[in-house]
Amino acid sequence: MSDPRARVRIVANEPLIHARGLVKRFGSFTAVDGIDVDVQPGEAFGFLGPNGAGKSSTMRMVGCVSPPTGGTLRILGMDPRRDGPAIRGRLGVCPQLDNLDPELTVRENLTTYARYFGIPRKVARQRADELLDFVQLSERAGSKVEPLSGGMKRRLTIARALVNEPEIVLLDEPTTGLDPQARHLVWERLFRLKQQGVTLVLTTHYMDEAEQLCDRLVVMDGGKIVAEGSPRELIDRYSTREVVELRFAAESQAGFADKLAGIGERVEVLPDRILLYVEDGDAALAAVHERALTPASVLERRSSLEDVFLHLTGRTLVD
Ligand SMILES: Nc1ncnc2c1ncn2[C@@H]1O[C@H](COP(=O)(O)OP(=O)(O)OP(=O)(O)O)[C@@H](O)[C@H]1O
Ligand SMILES: [Mg+2]
């Protein structure tokens, strides 16, 4: 058998993932509408966007399970159309929905998966034990998958994605549906992977997840990239330093927006609250009180990626 790596065309400083004008269509519907992405070695790169933004469609093209409809895509210096198996051998994939085998035990889910990569039995068993330890599932090694909690299943899927010692790990919504404690455990493990030099590519519609994990991210909406940068850069570019959230005890918040005009840089009216985008929250609140306005509740906070998304699209990330 020929060495799959022999087909790698080495290009100096080529990113691990390189997409230009990448398109995915389903019939006449365009799910991914000409995106440009470069992911560098060792980066934690995120696709942040609401439901239907095209995140999973992009991940499936990168994972070489869904052929691009148009544009350029190169992964690890190779072409997914031609070199799918060689690329897949060096990727780890954690799909949006866990697809663990319920007939197998926790450990067998890893050892069986390892066989797809031609990993010898003995090595597979040893690696499975190390990975179960890494995701803190050693005690459940012999149990079936079904009784595991959502967080445990997610950790097992992540462990499975690591069986072939991948250079890039694709994580499609790694913590959606998990409780806060389970999410933090997953974040902590992903952070360790990153420290080991593994390149992480993840999707999320949680702004806090993107802020915690991603060195750099793109904000996607309707199949397009609407912004790109580090979390800090995006907040600096598209939002103010602070945000004051006001709730008025009235059916509609909209009537108060005019009365707040001129306070801060921008006023955003949501169904249940009004957001004031300001540099100094305390000064803004003083101005609110000077106008004899008395909100039922007040929250002062720092700007987040949620504010960036709202500014760029006029919508909130999670409805
Ligand atoms: N196999 C398919 N056939 C037809 N349409 C599809 C298919 N897969 C995805 N779509 C559509 O493409 C759009 C983007 O879907 P995609 O799953 O990529 O979004 P997403 O950003 O991952 O959303 P979510 O946050 O809900 O997972 C959606 O409108 C979806 O309905
Ligand atoms: Mg998705």
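Scroll up for the structure.
### Things to note about the pairing of strand β12 (residues 274-278)
Here's step 1: Here β12 lies mainly inside the structure; five of its five residues are buried.
Here's step 2: Judged by which residues are buried, β12 turns out to be covered on both faces: I274, L276 and V278 on one side and L275 and Y277 on the other are all buried.
Here's step 3: Of the strand pairs in this sheet, strand β10 (residues 242-247) and β12 are connected by five bridges, and their pairing is antiparallel. Directly across from E242, in β12, lies its bridge partner V278.
Here's step 4: The antiparallel hairpin formed by strand β11 (residues 266-269) and β12 contains four residues in its connecting segment.

### Observations concerning the environment of E188
Here's step 1: Checked against the element boundaries, E188 lands in helix α6 (residues 180-195).
Here's step 2: Taking C-alpha positions, E188 is 9.2 Å from L213, a pair spaced 25 residues apart along the chain.

### Description of the packing of helix α8 (residues 231-238) against helix α11 (residues 305-313)
Here's step 1: At their nearest, the axes of α8 and α11 sit 9 Å apart, and the two run at 50° to each other. The angle between α8 and α11 falls in the class oblique. The way α8 lies across α11 gives a crossing that is left-handed. Contacts from P231, L234, I235 and Y238 of α8 reach α11 at L305, V308, H311 and L312.
Here's step 2: Of the residues contributing to the contact of α8 with α11, the split by class is seven nonpolar, one polar and no charged.

### Describing the environment of K153
Here's step 1: Along the chain, K153 falls in helix α5 (residues 150-161).
Here's step 2: Separated by 147 residues in the primary sequence, K153 and E300 have C-alpha atoms spaced 37 Å apart.

### Looking at helix α4 (residues 121-134)
The α-helix advances 3.6 residues per turn, and as a result positions three or four apart in sequence lie on the same side.
Here's step 1: With 14 residues, α4 extends 20 Å between its outermost C-alpha atoms, agreeing within 8% with the 20 Å of an ideal straight helix rising 1.5 Å per residue.
Here's step 2: By the burial criterion, the buried members of α4 are A124, R127, A128, L131, L132 and F134. Around the axis of α4, the buried residues are gathered within 145° of arc, so they sit on the same side. With respect to the buried face of α4, the exposed residues turned more than 90 degrees away are K122, Q126 and D133.
Here's step 3: As for α4, its buried residues are in contact with α3 (106-116), α5 and α6.
Here's step 4: Phi turns positive, to about 60°, at Q136, one or two residues after α4.

### Observations concerning the pairing of strand β2 (residues 29-39)
Here's step 1: Where strand β1 (residues 17-26) and β2 come together, eight bridges link them in antiparallel fashion. Paired with L22 across the bridge in β2 is I35.

### Observations concerning the pattern of salt bridges
Here's step 1: A full pass over the atoms with the stated rule returns 24 salt bridges.
Here's step 2: For R189, the salt bridge identified is with E188, shortest N-O distance 2.8 Å.
Here's step 3: Assessed through its relative accessible area of 31%, E188 is described here as partly exposed.
Here's step 4: Notably, a salt bridge pairs R192 with E188, separated by 2.9 Å at the nearest N-O pair.

### Considering the sheet that holds strand β13 (residues 297-302)
Here's step 1: Strand order in the open sheet formed by four strands is β11-β12-β10-β13, and the pairing between neighbours is antiparallel. The two strands at the open ends of the sheet, each matched to only one other strand, are β11 and β13. Within the sheet, the average angular offset between the axes of one strand and its neighbour, ignoring direction, is 20°.
Here's step 2: Taken together, the six bridges between β10 and β13 define a ladder with antiparallel strand orientation. Bridging from a neighbouring strand, E245 pairs with L299 of β13.
Here's step 3: Relative to the sheet, helix α10 (residues 281-290) contacts β10, β12 and β13, its axis offset from that of β10 by approximately 35°.
Here's step 4: Strand contacts of α11: β10, β11, β12 and β13, with the helix running at about 100° to β12, the strand carrying the most contacts.

Rules behind the numbers
- Counting restarts for each chain, with residues numbered from 1 along the sequence as it is written.
- All chains are assigned letters beginning with A, and all ligands numbers beginning with 1, in the order in which they are written.
- Under the rules for a predicted model, residues below a pLDDT of 70 receive no local features and side-chain atom pairs below 80 are neither given nor counted, while totals for whole chains, interfaces and linings still include all residues.
- Values shown for side chains rest on all heavy atoms present in the structure; no hydrogens or waters enter the calculation.
- Exposure classes here rest on a 1.4 Å probe applied to the protein chains alone. A residue is buried below 20% of its type maximum, exposed above 50%, and partly exposed in between.
- Helix and strand definitions follow DSSP, with helices as H or I runs of at least four residues and strands as E runs of at least two, each counted in order from the N terminus.
- Strand pairing follows a simple DSSP-based rule, namely that at least 2 bridges must link the two strands.
- The axes used here are C-alpha line fits, helices contributing only the stretch in contact, and every angle between their N-to-C directions lies in the interval 0 to 180 degrees.
- Angles below 35 degrees are treated as roughly parallel, those above 145 as roughly antiparallel, those between 65 and 115 as roughly perpendicular, and all remaining angles as oblique.
- Handedness of a crossing is defined here by the sense of rotation of the near helix relative to the far one, left-handed for an anticlockwise turn of less than a right angle and right-handed for a clockwise turn.
- The contact criterion used is simple: two residues touch if any of their non-hydrogen atoms lie within 4.5 Å.
- Only Asp, Glu, Lys and Arg are considered charged in this grouping, and only Ala, Val, Leu, Ile, Met, Phe, Trp, Tyr, Cys and Pro are considered nonpolar; every other residue, Gly among them, is considered polar.
- One fewer than the residue count of a helix, multiplied by 1.5 Å, yields its expected span.
- The reported arc concerns the directions from the helix axis to the C-beta atoms and nothing else.
- Throughout this description, the term salt bridge denotes a Lys or Arg side-chain nitrogen within 4 Å of a carboxyl oxygen of Asp or Glu.

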